[in-house]
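So you can see what is in the structure, the chains are spelled out below.
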Amino acid sequence: MMKPFEERSIDTQYRDALKRISEHGRDVMPIHGERAKMITGLQLRYDIANGFPVITERDLSGHFFKSALAEHIGFLNGARTQEELEKFGCKWWKAWVTKEKCDIFDLPEGDLGDGSYGAAWASFPTKEGDGFNQIKEVIRQLKERPYLRTHFISPWIPQYAIQHNDLKRKVVVAPCHGWIHILAFPEAKELSIHHFQRSADFPVGVPFNIIQYASFGLMVAQLTGYSLREVVYTFSDAHIYESQTEYVKELISREPRRLPTVELDKSIKDIFDFRPEHFTLKDYEPHPKMMIPTPV
């Protein structure tokens, strides 16, 4: 579905969003204790024909790209601990699952919790007592009844993600992303992905989340025999932390470039069999790498 690289137009959406938050954001003080600029309700729309949405304002190739895939694939497979995530190649949760932080929620060290992404997607609690695997069942439903508008996946288990009465929540970080609506168009054999995100760290987390849900769309398209047409991202709380301000100024100063190509290993037939090495990033010409801080 992607145009030849030289025919793709320059996509400025990410840079424009950073600029809008910087210039028009509301001053807030999140739970981390660091001031931030924040906008409620912001949307990015990517036509996959124009390239795969890996931002070009800084280099996200190599370890960054593979780690984004590793985290997402780990969650698809039900990973909920640091040890399990590392088996897929994701190591960046260590700072959030220390003994001190896990003790707050009566969780073992290294455990993201009962309300974490992997637990919700692969083993959502039911009144029957069996864990419901949303990923498996939505893929099955897509294949059997693609015309439905209920191909929806949620990371939110309210009784574990919300403080209620005197009970502590059972998740170290309440899911920030992972609400996915898959829209299938059987006549055209096309898919659109609409991803909703409640909390969006635009300089650090969002570029990785964009990679993750566009990759998810490519995986689902391959498994269903469809083409991924569009990925839409809606961010409820889009913010930039004060410590990120100078980095964001530099990002805004960089001219965006054409979006790259991502190819999948066509031999994979089960969504749980995908691994980061099954994705190939090509035609990527970004600006230099940049390490940006984020509160823990």
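Procedures and definitions
Residues numbered from 1 in each chain as written. Predicted model: local features only at pLDDT ≥ 70, side-chain atom pairs only at ≥ 80, totals over all residues. Heavy atoms only, no water. 1 Å grid on protein atoms, 1.4 Å probe; cavity = no way out; pocket = protein on both sides within 12 Å on 5 of 7 lines; lining within 4 Å. Points joined across faces, edges and corners; volume = space filled by probe spheres on them. Helix = DSSP H or I, 4+ residues; strand = E, 2+ residues; numbered from the N terminus. Buried < 20%, exposed > 50% of the residue type's maximum accessible area, 1.4 Å probe, protein only. Contact = heavy atoms within 4.5 Å. Pairing = 2+ DSSP bridges. Axes fitted to C-alpha atoms, helices over the stretch in contact; angles between N-to-C directions. Core = buried A, V, L, I, M, F, W, Y, C linked by side-chain atoms within 4.5 Å. Patch = residues over 30% accessible without salt bridge, like charges linked within 9 Å, V, L, I, M, F, W, Y side chains within 5 Å. Areas by Shrake-Rupley, 256 points an atom, 1.4 Å probe, with all protein chains shown as cover. Salt bridge = Lys/Arg side-chain N within 4 Å of Asp/Glu carboxyl O. Lys, Arg positive; Asp, Glu negative; His and termini not counted. Charge placed at Lys NZ, Arg CZ, Asp CG, Glu CD.

Moving on to empty space enclosed by the protein. Taken as a whole and judged by the stated rule, the model has 1 cavity of 30 Å³ or more. As a volume, the largest cavity reaches approximately 70 Å³. Lining the largest cavity we find 14 residues, and of these D11, Y14, I55, E57 and L259 sit closest to its centre. Among the elements that take part in the lining of the largest cavity, helix 1 (residues 13-24) stands out by supplying 3 residues, more than any other.

Moving on, we come to the environment of F75. For F75, the location among the structural elements is in helix 2 (residues 63-76). Judged by its relative accessible area of 1%, F75 falls in the buried class. As a C-alpha pair, F75 and S116 span 41 residues in sequence and 8.8 Å in three-dimensional space. Those residues within four positions of F75 in sequence are excluded, and the remaining contacts are L85, W93, L112, Y117, G118 and W121.

Looking now at unusual backbone geometry. Where the residue is not glycine, phi is negative for most of them; where a peptide bond is considered, it is trans in most cases. Non-glycine residue D106 carries a positive phi angle of around 55 degrees. Looking at where D106 falls in the secondary structure, it is placed in the loop between helix 4 (99-104) and helix 5 (117-122). The phi dihedral of D283 is positive, around 55 degrees, even though this residue is not glycine. With respect to the helices and strands, D283 occurs in the segment after strand 8 (279-282).

Further remarks concern the sheet that holds strand 3 (residues 152-153). Strand order across the open sheet formed by 6 strands is 1-2-6-5-4-3, with mixed pairing between neighbours. The open sheet terminates on both sides in strands that have one partner only, identified here as strand 1 (26-28) and strand 3. Here strand 2 (residues 36-47) pairs with strand 6 (residues 227-241) via 11 bridges, running antiparallel. Looking at the pairing, Y46 lines up with V231 of strand 6. The strands touched by helix 1 are strand 1, strand 2 and strand 6; relative to strand 2, the strand with the most contacts, the crossing angle is about 160 degrees.

Our next topic: the nonpolar core. Membership of the largest hydrophobic core comes to 81 residues, with the highest contact counts inside it found for F202, F216 and I271. Looking at this core, the element that brings in the most residues is helix 8 (residues 205-224), giving 12 residues. Discounting chain neighbours no more than four positions away, the residues touching F202 are Y14, A17, L18, I21, L42, L44, P207, F235, A238, H239 and I240.

Together, E6, E7, D283 and E285 make up a negatively charged patch on the protein surface. Assignment of secondary structure puts E285 in the segment after strand 8. Relative accessible area serves as the criterion here: at 46%, E285 is assigned to the partly exposed category.

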